[in-house]
Amino acid sequence: MSTLLIYGSYGFVGGLIAEKAIDRGLDPILAGRDRERLREQVADLEQPGRRFSLEDPVTVATALEDVDCVLNCAGPFSNTAEPLVEGCLRSETDYVDITGEIPVIESIHDRDAAATEAGITLLPAAALSTIPMDCLAAHLADRLPEATHLSLGVDSFRVPSIGTLRTVIEGADTENAVRRDGDLESAPTGWKTREIDFGRGERPAVTMPMGDVSTAHYTTGIPNVEMYAVMPQPARTALRLHRYLSPVFESKPVRWTLKQLAGVREGPSERARDRGSAYVWGEARTEGEGGAEGERVVSRLVTPDPYVVTVDGAVTVAERVLAGDADAGFQTPAGAFGADFVFELEGVEGFFDEETPAETSPVNPLLQ
Ligand SMILES: NC(=O)c1ccc[n+]([C@@H]2O[C@H](COP(=O)([O-])OP(=O)(O)OC[C@H]3O[C@@H](n4cnc5c(N)ncnc54)[C@H](OP(=O)(O)O)[C@@H]3O)[C@@H](O)[C@H]2O)c1
């Protein structure tokens, strides 16, 4: 049987992923750098454990020698993806993660040639961001192959885990928020707002530097990509103030308060996860002469709660990679498994295609 190692297995999402992987009979090795937390989880889940940190590439490669696929759940991934990818290249181990960080996805994309030569798959962002949006992007590109512009959006706002908050705040700088003519360009988070109908009436969404800006481009080849998310007004304000909030967030009292808000498991409760959902929207269009409006297609998708999709998606991707279904080199979820891959996830039914192209929704230049 192939061997799966889950790194960061005792974090909030890592723990849920470990339990799901065990339920599906994958018999994972649990791994991370904290001896105590790992020991506790190993005893609780009765699985083998492996403690190692990521400072030394030789240590990482040695720890992965007998492993067929690593599933990295240790975020922020700006600190963990590079050493694990490096270790995977040395030990010829496939790599999957749940990052949503654009610079991380881009740096993994940069290792495409090395991964192809080593015969391993590198598949980042096997999570809410980006599986549903990536599959929707592939579906839209199938509907309008000559599309030049792609806009994607997600309406799923909920209290996130502490780890997600930390990652969003650490990564919410002005880098790499939008793709124009094939290149990533800096733009502040929330630089543009747009009324989007996710299937239950129009809601204000703001541009977000989510990993889909990278993956959707690599999956479809569409040169212009923007990613929107619905945010309540307080969160939009917080995003605009994020530079001032970052140091505050790192303080112990604030982290403690956030933990109380998010719940004792450092993330949304099982009840909240069971009731949650995500509404995903996408628009592909062509540009006519002199920037005039060309053809436009819109499709939508409804999924279970973001954390349910992330857990199910990560484990399903790992299963497919272990089965040898993904090619060597850098891969995106839909690039590896096709637009319909999202329907392998529990509770995801089908694409809702808008048959009659509607007028383009008004785009407001800047958030006041
Ligand atoms: N793409 C998506 O849609 C999506 C969805 C959900 C979550 N996520 C991301 O998934 C990540 C995990 O979220 P979470 O809620 O599970 O966070 P969490 O509870 O804080 O867990 C993070 C885990 O990463 C480990 N870790 C962090 N930095 C490390 C380092 N430098 N070396 C080794 N281990 C390290 C931590 O171990 P220690 O205790 O040893 O530090 C812990 O096990 C976040 O980055 C979040 O943004 C993405």
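Note that the structure is a prediction, hence the values are computed from the model and not measured.

1. Looking at the pattern of salt bridges
A full pass over the atoms with the stated rule returns 20 salt bridges. Taking the shortest distance from any N to any O, the salt bridge between Arg24 and Glu319 comes out at 3.1 Å. Taken together, the positions of Arg24 in the loop between helix H1 (12–23) and strand S2 (29–32) and Glu319 in helix H14 (residues 306–322) put the pair 295 residues apart, joining distant regions of the chain. Two residues, Arg200 and Asp155, come together in a salt bridge whose shortest N-O distance is 3.0 Å. Remark: Asp155 occurs in strand S7 (residues 149–155) and Arg200 occurs in the loop between strand S10 (193–197) and strand S11 (202–207); sequence separation between them is 45 residues.

2. Observations regarding the packing of aromatic side chains
Considering all chains together, one arrives at six aromatic pairs under this definition. The interplanar angle of 75° and the centroid separation of 5.5 Å between the aromatic rings of Tyr218 and Phe330 together place this pair among those described as edge-to-face. On the criterion of sequence distance, the pair formed by Tyr218 in helix H9 (residues 212–220) and Phe330 in strand S15 (residues 329–330) is long-range, its members being 112 residues apart. Relative accessible area serves as the criterion here: at 24%, Tyr218 is assigned to the partly exposed category. Residue classification places Phe330 among the buried positions, given a relative accessible area of 10%. The ring of Tyr279 has Arg200 sitting right over it, with the charged end atom 3.9 Å from the ring centre.

3. Overview of the pairing of strand S1 (residues 4–7)
The alternating pattern of S1 places Leu4 and Ile6 and Leu5 and Tyr7 on opposite faces, both of which are buried. Here S1 pairs with strand S4 (residues 69–72) via four bridges, running parallel. Across the sheet, the residue bridging to Leu5 is Val70, located in S4. Where S1 lies against S2, three bridges are found, and the strand directions are parallel. From the neighbouring strand, Tyr7 faces S2, where its bridge partner is Ala31. The parallel pair S1 and S2, bridged by H1, forms a crossover whose chirality is right-handed.

What counts as what
Residues numbered from 1 in each chain as written. Predicted model: local features only at pLDDT ≥ 70, side-chain atom pairs only at ≥ 80, totals over all residues. Heavy atoms only, no water. Salt bridge = Lys/Arg side-chain N within 4 Å of Asp/Glu carboxyl O. Helix = DSSP H or I, 4+ residues; strand = E, 2+ residues; numbered from the N terminus. Phe/Tyr/Trp six-rings, centres within 6.5 Å; stacked < 30°, edge-to-face > 60°. Buried < 20%, exposed > 50% of the residue type's maximum accessible area, 1.4 Å probe, protein only. Lys NZ or Arg CZ within 6 Å of the ring centre and 35° of its normal. Pairing = 2+ DSSP bridges. Right-handed = clockwise from strand over helix to strand, strands pointing away.

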